[in-house]
Amino acid sequence: MFEISCPSCGNPIFFRRESSLYATCPACSSVLLRKDVNVELLGKAADLQPDNTPLQIGTRGQYNGQPFEIVGRIQVRQEEGFWNEWYLNYRDGREGWLGEALGEYFLSFAKQDANLPSFNDIALNAKYTFQGTDFYAANVGKSVVSSYEGELPFLMNGSYELPYADLRSQSRQAATLDYSEDRPMLFLGSYEEFENLHFENLRDPEDHVQKRSAAQSVSLKCPSCGAPHTLSSAGPQSQTLACEYCGTGIDISQSGEYKVLWQITEKIKSQPKPKIKLGTKGTFKGVEWEVIGYQCKYSQEGQTVYPWQEYLCYERCHGYRYLIFSQGKWSWSQTLHELPSHPQETEHAQKLRGKTFKHSEGYTGLVAAVRGEFPYKVDVKAQSDIQDYVCGSYTLSRECDLITENPEVYWSLAESVDEDEVRQAFKVSGKSRKNKRQTVPSKKTDGTLKKFTGRMGCCTFLLGFLFCLFMQFQEKGLYQQQFSIATGQDPTVITQEFSVDSRTQAIEVSFDTDLDNRWLYFDLSLINTQTQEATVFNKTISYYHGVDSDGESWSEGCRNDSIVVPRVKPGTYVLALLPQTGTGKDPQSLQAPPNGQTAQPQQRLVAVNMKITGPVTYWGIFISIFVFLILPIPGYYWVMSDDD
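Residues numbered from 1 in each chain as written. Predicted model: local features only at pLDDT ≥ 70, side-chain atom pairs only at ≥ 80, totals over all residues. Heavy atoms only, no water.

Student: How should I be thinking about the overall build of the chain in this particular structure?
Tutor: On a plain count of helices and strands, the chain comes out with five helices and 40 strands. Counting over 644 residues, the chain shows a buried share of 47%. Counting contacts in the chain only where the partners sit at least 6 residues apart, residues at least 24 apart contribute 60% of the total. Carbon together with sulfur atoms contributes 49% to the accessible area of the chain, which is approximately 33700 Å² in total. (Helix = DSSP H or I, 4+ residues; strand = E, 2+ residues; numbered from the N terminus. Buried < 20%, exposed > 50% of the residue type's maximum accessible area, 1.4 Å probe, protein only. Contact = heavy atoms within 4.5 Å. Areas by Shrake-Rupley, 256 points an atom, 1.4 Å probe, with all protein chains shown as cover.)

This is the structure we're talking about:
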């Protein structure tokens with residue numbers, strides 16, 4: 001090891017390899033050229049993208065029994081995300097690379113091969129043979145080497161383009177083709193599990209340098225509905241955040257520069273709700289995982305829809321796994337490092353790890369709903385060709401993206417898991433499908449049951465009536481605000497804080513407007529300022545009037561309306577409102593002009609007086625429950641107890 005002071009900041013710089021010519025200063029990111037016992041300052045390195053990797057410069061490990069140490073890193077970016085390439089110094093004098101992407105670890109060495117295909121000739125899923133092993137192209141794309149640190153065997157002078165192809169085999173052996181130079185370069189190696197590399201001197205999980213700041217995490221708000229979000233433990237590696245409340249997709253790959261990727265047209269209430277709350281942590285298969293993302297997917301055959309749910313689970317050292325719920329059963333899925341016996345023949349039976357998988361079905365996978373965080377760019381319009389193969393409790397799946405810029409073929413293996421094990425680990429909502437039984441009332445009743453059920457029905461009605469009457473006198477105003485909706489201004493309205501006291505209760509949000517031949521729609525988010533939990537709902541109001549051809553006046557709708565929000569817990573709240581309005585089918589533009597552009601004259605469209613009151617008295621709900629749920633029970637027993 002050779003030590004020298006940085007000429008820019010004086011920080012000590014260590015050259016761990018005698019052959020290393022270039023290094024970066026960890027304190028000031030200066031790029032240094034080594035000249036015998038001196039160094040020359042060449043410039044500054046770009047900042048590394050914050051991530052949550054457990055590795056760092058100085059981490060030691062073993063590969064095939066040979067110790068190594070990490071001495072440098074380059075960071076590679078593409079549209080779907082980024083990954084790390086760590087430069088390794090082996091004890092026997094060799095140098096190699098460790099690719100780290102989404103919790104997968106690929107160790108490789110540069111190899112000489114004169115018969116390498118050109119980048120334009122690489123075809124997805126095509127077979128190529130290198131040094132006696134057959135490989136299949138699993139991922140072909142273009143990326144950019146954007147930043148670096150530590151010692152490197154070549155000079156990094158700014159960023160450069162890196163076209164590449166990743167290839168996998170029927171074992172854990174894999175290959176990468178690097179097209180960043182005039183002649184392609186071949187790297188051969190294998191994928192290894194985290195535990196098998198025997199890492200030491202890993203990075204502190206609380207290392208704040210590689211994380212988004214706490215202020216940025218807390219202040220991350222959805223640009224559509226304003227709902228607050230706190231990033232998961234995978235935070236710095238997450239590229240996409242789908243708002244849990246309005247469904248908006250947000251690009252969070254650049255800290256503090258959040259962009260909208262998509263906005264769904266369906267109302268959030270119509271989307272399937274996850275059975276596991278995002279952010280839930282649970283120990284499963286001996287590792288503590290955090291559920292950070294949720295997708296509801298489906299396939300369609302004619303008018304029949306076949307849905308399933310995927311929960312993305314993350315752990316810092318082991319990467320990502322999928323917990324899948326389909327047709328009432330749970331399975332645990334992991335992306336495969338190796339390929340089955342016939343990767344090019346989709347309808348052929350496949351052999352993998354000593355098992356024979358028979359082709360089950362092929363279909364197109366579509367996306368119905370997305371929530372939470374993902375380490376890649378998620379597209380709600382994504383489509384994928386999926387082929388499933390089954391062997392007992394295992395399902396082998398081949399998935400190929402159909403519309404992404406960098407196409408990729410995934411093979412994954414899912415194992416059926418016990419429902420009780422999943423429920424215990426991840427606090428699954430809803431009732432278990434096990435041990436369900438129906439109870440049928442006995443017809444062996446006597447005449448006294450008529451009197452009993454009649455009295456019970458009367459007592460239930462009287463108690464419910466008295467309760468609603470009592471709640472009527474408890475109602476009080478919580479908040480009131482008047483505002484106008486006009487063209488050429490930001491339509492978003494956020495109230496001041498108001499309090500819900502003493503107990504969980506229903507509150508009512510009422511609107512008194514001056515609508516005139518116009519409709520008004522609100523997306524609303526009720527946000528607890530202490531817990532950051534949000535309840536999302538919506539409301540439409542419309543009022544039209546006129547005179548028909550016979551001279552008769554007519555009107556439709558109402559200028560005033562309200563909506564009830566049930567089960568609001570005690571706490572301090574704000575209400576965020578995003579209105580839309582129009583006279584016909586299409587909404588009018590309410591957006592403020594972009595910065596630097598002249599504002600157009602504003603036109604007031606609707607005036608609104610909003611009131612928030614609570615607790616709400618459920619007269620209509622009480623009557624509905626009594627008529628449709630309570631009354632049929634004594635009625636049923638009344639009929640069944642006939643003394644014929």
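Moving on from the coordinates now.
Student: So what exactly am I meant to see when it comes to unusual backbone geometry here?
Tutor: Note: most residues except glycine have negative phi, and most peptide bonds are trans. Notably, leucine 102 is not glycine yet its phi reads approximately 55°, a positive angle. Phi is positive for asparagine 125, which is not a glycine, with a value near 75°. Structurally, asparagine 125 can be placed in the loop between β10 (104–111) and β11 (127–130). Classification of asparagine 125 as buried rests on a relative accessible area of 13%.

Student: What's the story with empty space enclosed by the protein in this structure? I'm lost.
Tutor: Rolling a probe over the atoms, with the probe sized like a water molecule, indicates the empty space that remains. Using the criterion set out here, one finds three cavities of 30 Å³ or more in the structure. In this structure, the largest cavity encloses a volume near 160 Å³. Looking at the largest cavity, it is lined by 18 residues, and the ones nearest its centre are Phe82, Glu100, Ala101, Leu102 and Gln237. Tallying contributions element by element places strand β8 (residues 81–90) first for the lining of the largest cavity, with three residues. Residue classes in the lining of the largest cavity are distributed as eight nonpolar, seven polar and three charged. (1 Å grid on protein atoms, 1.4 Å probe; cavity = no way out; pocket = protein on both sides within 12 Å on 5 of 7 lines; lining within 4 Å. Points joined across faces, edges and corners; volume = space filled by probe spheres on them. Nonpolar A, V, L, I, M, F, W, Y, C, P; charged D, E, K, R; others polar.)

Student: Mind showing me how you'd approach the sheet that holds strand β34 (residues 505–513) here?
Tutor: Strands belonging to one sheet form pairs held by backbone hydrogen bonds; the direction of such a pair is parallel or antiparallel. Overall, antiparallel pairing links the four strands, which are arranged β31-β40-β34-β38 in an open sheet. Bordering the open sheet on either side are β31 (476–486) and β38 (560–568), each of which pairs with just one other strand. Adjacent strand axes in the sheet meet at a mean angle of 20°, parallel and antiparallel pairs treated alike. Pairing of β34 with strand β40 (residues 604–614), which is carried by six bridges, proceeds in the antiparallel orientation. Paired with phenylalanine 511 across the two strands is methionine 610, which belongs to β40. (Pairing = 2+ DSSP bridges. Axes fitted to C-alpha atoms, helices over the stretch in contact; angles between N-to-C directions.)

Student: What is the right way to read the state of the cysteines from this model?
Tutor: Cysteine pairs can be linked by a disulfide, which is a covalent bond between their two sulfur atoms. Scanning the entire structure with this criterion turns up zero disulfides. Residue cysteine 243 stays outside any disulfide, its sulfur separated by 3.7 Å from that of cysteine 225, the closest cysteine. Overall, cysteine 243 belongs to the buried group, its relative accessible area being 0%. (Disulfide = S-S within 2.5 Å.)

Student: Explain the side chain of glutamine 350 here, please?
Tutor: Mapping glutamine 350 onto the fold places it in strand β26 (residues 350–352). From its side chain, glutamine 350 meets the backbone oxygen of histidine 342 in a polar contact 2.8 Å long. With sequence-adjacent residues up to four places away left out, glutamine 350 is seen in contact with Pro340, Ser341, His342, Pro343, Glu345, Lys355, Thr356, Phe357, Tyr389, Leu396 and Trp411. (Polar contact = N/O pair within 3.5 Å; in protein donor to acceptor, adjacent residues only side chain to side chain.)

Student: Sorry if this is basic, but what is going on with the side chain of serine 412 here?
Tutor: As for its position among the elements, serine 412 is in strand β30 (residues 409–417). Apart from residues lying up to four places away in sequence, serine 412 is in contact with Ser333, Gln334, Thr335, Leu336, Thr395, Leu396 and Ser397.

Student: It is not clear to me how the packing of aromatic side chains should be interpreted in this structure. Could you clarify?
Tutor: For any pair of aromatic rings, the description consists of the separation of the ring centres together with the inter-plane angle of the planes. One pass over the structure, following the stated rule, counts 27 aromatic pairs. Between tryptophan 308 and tyrosine 363, the aromatic rings sit 5.9 Å apart at their centres with planes inclined by 75°, giving edge-to-face as the arrangement. With tryptophan 308 in strand β23 (residues 304–315) and tyrosine 363 in strand β27 (residues 355–374), this residue pair connects regions lying 55 residues apart in the sequence. By the ring-pair criterion, three or more aromatic residues cluster together here, those being Tyr63, Phe68, Tyr90, Tyr105, Phe109, Phe194 and Phe199. Here the guanidinium or amino end of arginine 94 rests over the ring plane of tyrosine 90, the centre of that ring lying 5.1 Å away. (Phe/Tyr/Trp six-rings, centres within 6.5 Å; stacked < 30°, edge-to-face > 60°. Lys NZ or Arg CZ within 6 Å of the ring centre and 35° of its normal.)

Student: Just checking my understanding: could you explain the environment of lysine 381 for this structure?
Tutor: Here lysine 381 shows up in the loop between β27 and β28 (383–391). With 15 residues separating them along the chain, lysine 381 and leucine 366 place their C-alpha atoms 7.4 Å apart.

Student: Looking at this model, I keep getting lost on the pattern of salt bridges. Mind explaining?
Tutor: Proximity of charged atoms lets side chains of opposite charge pair with each other. Evaluation of the coordinates by the stated rule reveals 17 salt bridges. Measuring nitrogen to oxygen at the nearest pair gives 4.0 Å for the salt bridge that ties lysine 285 to glutamate 415. Highlighted residues: lysine 285 in the loop between β21 (281–284) and β22 (287–301) and glutamate 415 in strand β30, separated in sequence by 130 residues. A relative accessible area of 44% means that lysine 285 is categorised as partly exposed. (Salt bridge = Lys/Arg side-chain N within 4 Å of Asp/Glu carboxyl O.)

Student: Even after reading the chapter, I still don't get helix α2 (residues 419–426), so can you show me in this structure?
Tutor: Counting along an α-helix, one turn takes 3.6 residues, and residues three or four places apart therefore face a common direction. All of the buried residues in α2 are Glu419, Val422, Arg423, Ala425 and Phe426. Tucked inside the fold, the buried residues of α2 contact β21, β22, β23, β24 (319–326), β25 (329–335) and β30. The N-terminus of α2 is capped by aspartate 418, whose side-chain oxygen sits 3.0 Å from the backbone nitrogen of aspartate 420. Just beyond α2, the residue with positive phi is lysine 427, at close to 55°.

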